[in-house]
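The residues making up each chain are set out below.
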Amino acid sequence: NAGVTQTPKFQVLKTGQSMTLQCAQDMNHNSMYWYRQDPGMGLRLIYYSASEGTTDKGEVPNGYNVSRLNKREFSLRLESAAPSQTSVYFCASSARQGFYEQYFGPGTRLTVT
Amino acid sequence: QQQVKQSPQSLIVQKGGIPIINCAYENTAFDYFPWYQQFPGKGPALLIAIRPDVSEKKEGRFTISFNKSAKQFSLHIMDSQPGDSATYFCAASNRDDKIIFGKGTRLHILP
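For the structure given in this document, a descriptive report is provided here. (Residues numbered from 1 in each chain as written. Chains lettered and ligands numbered in written order. Predicted model: local features only at pLDDT ≥ 70, side-chain atom pairs only at ≥ 80, totals over all residues. Heavy atoms only, no water.)

Glancing now at the overall build of chain B. Helix and strand content of chain B: zero helices and 11 strands. Along its sequence from the N terminus, chain B presents helices and strands in the succession β-β-β-β-β-β-β-β-β-β-β. For 111 residues, the compact-globule estimate of 2.2 N^0.38 gives 13 Å, and chain B sits close to it at 13 Å. If you line up chain B on its principal axes, its C-alpha atoms span 40 × 30 × 20 Å. For chain B, the residues scored as buried account for 46% of the 111 residues in total. Entry remark: accessible area of chain B is about 5600 Å², with carbon and sulfur atoms responsible for 49%. The averaged location of the 9 negative side-chain charges in chain B is 5 Å from the averaged location of its 13 positive side-chain charges. (Helix = DSSP H or I, 4+ residues; strand = E, 2+ residues; numbered from the N terminus. Rg over C-alpha atoms; globule rule 2.2 N^0.38 Å. Buried < 20%, exposed > 50% of the residue type's maximum accessible area, 1.4 Å probe, protein only. Areas by Shrake-Rupley, 256 points an atom, 1.4 Å probe, with all protein chains shown as cover. Lys, Arg positive; Asp, Glu negative; His and termini not counted. Charge placed at Lys NZ, Arg CZ, Asp CG, Glu CD.)

What follows is the structure, encoded as structure tokens:
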């Protein structure tokens, strides 16, 4: 039981490049989330998927897109990376939307130069 | 109305001391108040959670105190240890909506 897995763990991009962060969970959870964590800013929700087939914007969606590929997988895409997107990205899942217990992946540290 | 305000931003305590982290909320529709613990290089993990109809909950050395009328809750760590050094997030959740996280408290326990 791996829980929530994320790839890659580290990534360096040049401004304007694109990339996709992958996330998968093996807990049969309905809801999945993408957060970014910056010093002093806490965890900010980028996008979430309440259930398979649905996605919604969170607090800071600009510059990102998501795909809920199936119940297990939820990817985050940066179409044209900017230095302001340098951050640590966490994927999380929960049994249902709004449930207080979320399971987080190990994170992806992204640097945009 | 959806904010959860957390303080302090950072905290240094001697081993054996009792660090206290405070949070406040506005939205009375929240129905669960969890705390998450995050070690460096790791994702946050659920530590302990409380419902608004309970004034206190203990799990080992960790205690949540909840004041519904003041819309405040706090985390106490008894007999703190260097291994408790981490970032702590309070949060509030609302059934069928989202979890709102506080901005976090970086706790350092001196040996």
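Moving on, we come to the interface of chain A and chain B. Facing the 19 residues of chain A at the interface are 22 residues of chain B. The junction of chain A with chain B conceals about 1700 Å² of combined surface from both sides, 58% of it contributed by carbon and sulfur atoms. Linking chain A with chain B are zero salt bridges. Applying the counting rule to chain A against chain B returns three residue pairs in polar contact (both at pLDDT 80 or more). Residue assignment for the side of chain A that touches chain B shows that the elements contributing at least two residues are strand 4 (31-38) and strand 5 (42-49) of chain A. (Contact = heavy atoms within 4.5 Å. Buried area = accessible area lost by both parts, 1.4 Å probe. Salt bridge = Lys/Arg side-chain N within 4 Å of Asp/Glu carboxyl O. Polar contact = N/O pair within 3.5 Å; in protein donor to acceptor, adjacent residues only side chain to side chain.)

All names here are of chain B. One open sheet holds the five strands; their spatial order is 1-3-8-7-6, and the pairing between them is antiparallel. Both edges of this open sheet fall to strand 1 (4-7) and strand 6 (56-59), since each of them pairs with a single strand only. Strand after strand, the sheet turns through a mean of 15° between neighbouring axes, direction not considered. Pairing geometry for strand 6 and strand 7 (residues 62-67), over four bridges, is antiparallel. Counted as the bridge partner of Lys57 is Ile64 from strand 7. (Pairing = 2+ DSSP bridges. Axes fitted to C-alpha atoms, helices over the stretch in contact; angles between N-to-C directions.)

All names here are of chain B. For the structure shown, the criterion picks out 21 aromatic pairs over all chains. Taking 6.1 Å as the distance between ring centres and 20° as the angle between the ring planes, the aromatic pair formed by Tyr25 and Phe66 counts as stacked. Of this pair, Tyr25 sits in strand 3 (residues 20-25) while Phe66 sits in strand 7, placing them 41 residues apart in sequence. Its relative accessible area of 5% is what places Tyr25 among the buried residues. (Phe/Tyr/Trp six-rings, centres within 6.5 Å; stacked < 30°, edge-to-face > 60°.)

All names here are of chain B. From the end of strand 6 to the start of strand 7, which pair antiparallel, there are two residues, and Gly60 there has a positive phi angle of about 65°. Pairing between strand 7 and strand 8 (residues 72-77): six bridges, direction antiparallel. The residue of strand 8 that forms the bridge with Phe62 is Ile77.

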